[in-house]
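Each chain is listed here by its residues.
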2 protein chains.
Amino acid sequence: MKNVSSEIGTIYGIGLGPGSVDLMSVRADRLIKSCSFIAFFRKAGRPGHARQIVSEILPENVKEYAMEYPTTTEIPLTDPRYKKVMTSFYDECCWHLKSVIESGEDVCVLCEGDPFFYGSFMHIYERLRLEVPIEVVPAITGMSAAWTATRVPITWGDNILTILTGTLSEKKLFDKISTTDAAVIMKVGQNLGKIRNAITLAEREGDAFIVEFAAMSNQFVCRLLDYTKEVAPYFSIIILHGKAK
Amino acid sequence: MKNVSSEIGTIYGIGLGPGSVDLMSVRADRLIKSCSFIAFFRKAGRPGHARQIVSEILPENVKEYAMEYPTTTEIPLTDPRYKKVMTSFYDECCWHLKSVIESGEDVCVLCEGDPFFYGSFMHIYERLRLEVPIEVVPAITGMSAAWTATRVPITWGDNILTILTGTLSEKKLFDKISTTDAAVIMKVGQNLGKIRNAITLAEREGDAFIVEFAAMSNQFVCRLLDYTKEVAPYFSIIILHGKAK
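Computed from a prediction, not measured in an experiment: that's the story for all the values here. Counting starts from 1 at the beginning of each chain's written sequence and moves along it residue by residue. Each chain is given a letter, starting from A, and each ligand a number, starting from 1, according to the order in which they appear as written. A pLDDT threshold of at least 70 governs which residues receive local features in this predicted model, and a stricter bar of 80 or more applies before side-chain atom pairs are shown or counted, although totals over entire chains, interfaces and linings include all residues.

1. Brief notes about the relation of the copies chain B and chain A
Rotating chain B by 180° and moving it 0.0 Å along the rotation axis overlays it on chain A with an RMSD of 0.0 Å. Viewed as a symmetry operation, the transformation between the two copies matches a two-fold axis. The fit set for superposing copies consists of C-alpha atoms from residues with pLDDT of at least 70 in both; the fit itself is least squares.

2. What to know about the sheet that holds strand β1 (residues 11-15) of chain B
Residue and element names in this part refer to chain B. Strands are labelled as partners when DSSP assigns at least two bridges between them. Each helix is a run of DSSP H or I of at least 4 residues and each strand a run of E of at least 2, with the numbering of both proceeding from the N terminus. Read across the open sheet, the five strands follow the order β3-β2-β4-β1-β5; overall the sheet is parallel. Unpaired on one side and paired on the other, β3 (63-69) and β5 (134-137) mark the two borders of the sheet. When the angles between neighbouring strand axes are averaged without regard to direction, this sheet yields 25°. Strand direction decides the pairing type here: β1 and strand β4 (residues 107-111), joined by five bridges, are parallel. From the neighbouring strand, G15 faces β4, where its bridge partner is C111. Any residue pair is listed as a contact if its two C-beta atoms, each placed from the backbone, are within 7 Å. Fitted lines through C-alpha atoms serve as axes, helices being fitted only where they are in contact, and the angles separating the N-to-C directions of these axes extend from 0 to 180 degrees. Contacting β1, β4 and β5, helix α1 (residues 26-33) crosses the sheet at an angle of about 130° to β1.

3. Digging into the interface of chain B and chain A
Counting residues at the interface gives 36 residues for chain B, matched by 36 residues for chain A. Mapped by element, the contributors of at least two residues to the side of chain B that touches chain A are α1, α4 (121-128), α5 (142-149) and β6 (161-165) of chain B. Of the residues forming the side of chain B that touches chain A, the biggest block, five residues, is contributed by β6 of chain B. By the convention adopted, Pro, Cys, Tyr, Trp, Phe, Met, Ile, Leu, Val and Ala count as nonpolar, Lys, Arg, Asp and Glu as charged, and the other residues, Gly among them, as polar. The class makeup of the residues in the side of chain B that touches chain A is 22 nonpolar, eight polar and six charged. As defined by bridge partners, strand β6 (residues 161-165) of chain A adjoins β6 of chain B across three bridges and the pair is classed as antiparallel. By the bridge assignment for β6 of chain B, I163 of chain A is matched with L161 of chain B.

4. Quick look at the pairing of strand β10 (residues 236-240) of chain A
Residues and elements named next belong to chain A. Working definition of burial: number of other C-beta atoms within 10 Å of the residue's own, with buried at 20 or more, exposed at 12 or fewer, and partly exposed in between, all C-beta atoms being placed from the backbone. For β10, a buried count of five out of five residues is recorded, marking the element as mostly surrounded by other parts of the structure. Both strand β7 (residues 182-186) and β10 contribute to a ladder of three bridges, which runs antiparallel. Bridge pairing links I185 to I238 in β10. Relative to β10, strand β8 (residues 209-212) runs antiparallel, the two sharing four bridges. In the sheet register, I210 faces β10, and the bridge partner there is I238.

5. Here we look at the packing of helix α3 (residues 80-102) of chain A against helix α4 (residues 121-128) of chain A
All names here are of chain A. Relative orientation of the contacting elements α3 and α4 amounts to 65°, with a least axis distance of 10 Å. As far as their axial angle goes, α4 and α3 are roughly perpendicular. α3 and α4 meet at a crossing whose hand is right-handed. Listed contacts from α4 to Y90, C93, C94, L97 and K98 of α3 are H123, I124, R127 and L128. Per-class residue counts for the contact of α3 with α4 are six nonpolar, one polar and two charged. With respect to orientation, any angle under 35 degrees is reported as roughly parallel, any angle over 145 as roughly antiparallel, any angle of 65 to 115 as roughly perpendicular, and every other angle as oblique. Handedness of a helix crossing follows the sense of rotation of the near helix relative to the far helix, less than a right angle counterclockwise being left-handed and clockwise being right-handed.

That's the geometry; what it means functionally is another story.
Structural data, given as structure tokens:
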């Protein structure tokens, strides 16, 4: 990779995959091991999950830019103030990243999962894509790790697979779950009760699995029927498998 | 990995990802570089796409088992004879793979894409999973490579993503495309006309992209509106992106 020079650098949006360092791609591994500047999102006061995934392979003396999400827990997602706070935050991140690459240095932005699949990096990408060089490295999604963890294939033949988020309404979840062969439900966390109701109503409760921390050292898999928690960890995914016809 | 010994070996179902050798995972790369026996599916008379992806990293003197799909072009998919021919074929593959691991050797089964996502390996897995040690390594899906190739993120916020195959009926494709935020349509090939009709009917023709050979050296991306072929190559994926709300 280029180092400080008169040319503009490149922003690499690097998918890290589901959270195990050896499930990163060979390309991501190579880019990170040879980089001089990394950036990553994290909650304030936390080490940052993306940063932790790669900690053992980072070069010595790598420069780091932690993009700390603003505290928004007291602002509802629907409040216009929420959007405003997040917009300023992403604008500031872009300003900072741009200043780094304008000095001629490349930046690797570490992205959990696949950068273009429900990722925070997309907010950076959409702001800067027409202005500066950006390369995106796809990755293994958390959902691939989750269905692999259940030890049951997800889709056969012409099965339809629907990807949903637990933030949808119970009715929407029910409508979609009752008209698909296979489903993946992301962003489970506090939405577990609502998702469980929708799955039960669609008479798929016997089929569902929940996976906590797929592909990480604390991975846990069980049937949803046997899962007694009322709130699941943030890194949880619910899987409804398709069937061979 | 174990070599010939008195213990039973392990079957590794290794996802190779979308087709670029450096988009394989570090784990897949390590397992393949140290293996003594590989197996892979291919059409009779062809080198085999999975085999080609890894050709530059295979150890010298690796033993190979090509699982050649039986010629079924003259039997319709709905004909019971088709199922019978494929069942015997997968049974034979399993018998052979089992004999290898019973000699104490591990086998790496090379799988295009992610093994549990519309993969032929699933037929091996389902037959042997309760009998012998099998480990599955997830991978970057062809669809992740395809949406990355379009240079537009696929899903934002609570976007619903529906994965469809071109083998579905035009009506089913229309129903699903007209009620989702984002869609991926796999298995395009000869089904292009039908898919195009469904997308047009759903008034999404301005949004759609087609990607041939995502992440491979001959990758080609364009808007579906600008795509003039009547039949697409087998490795083609159609993408309808979600939008930030």
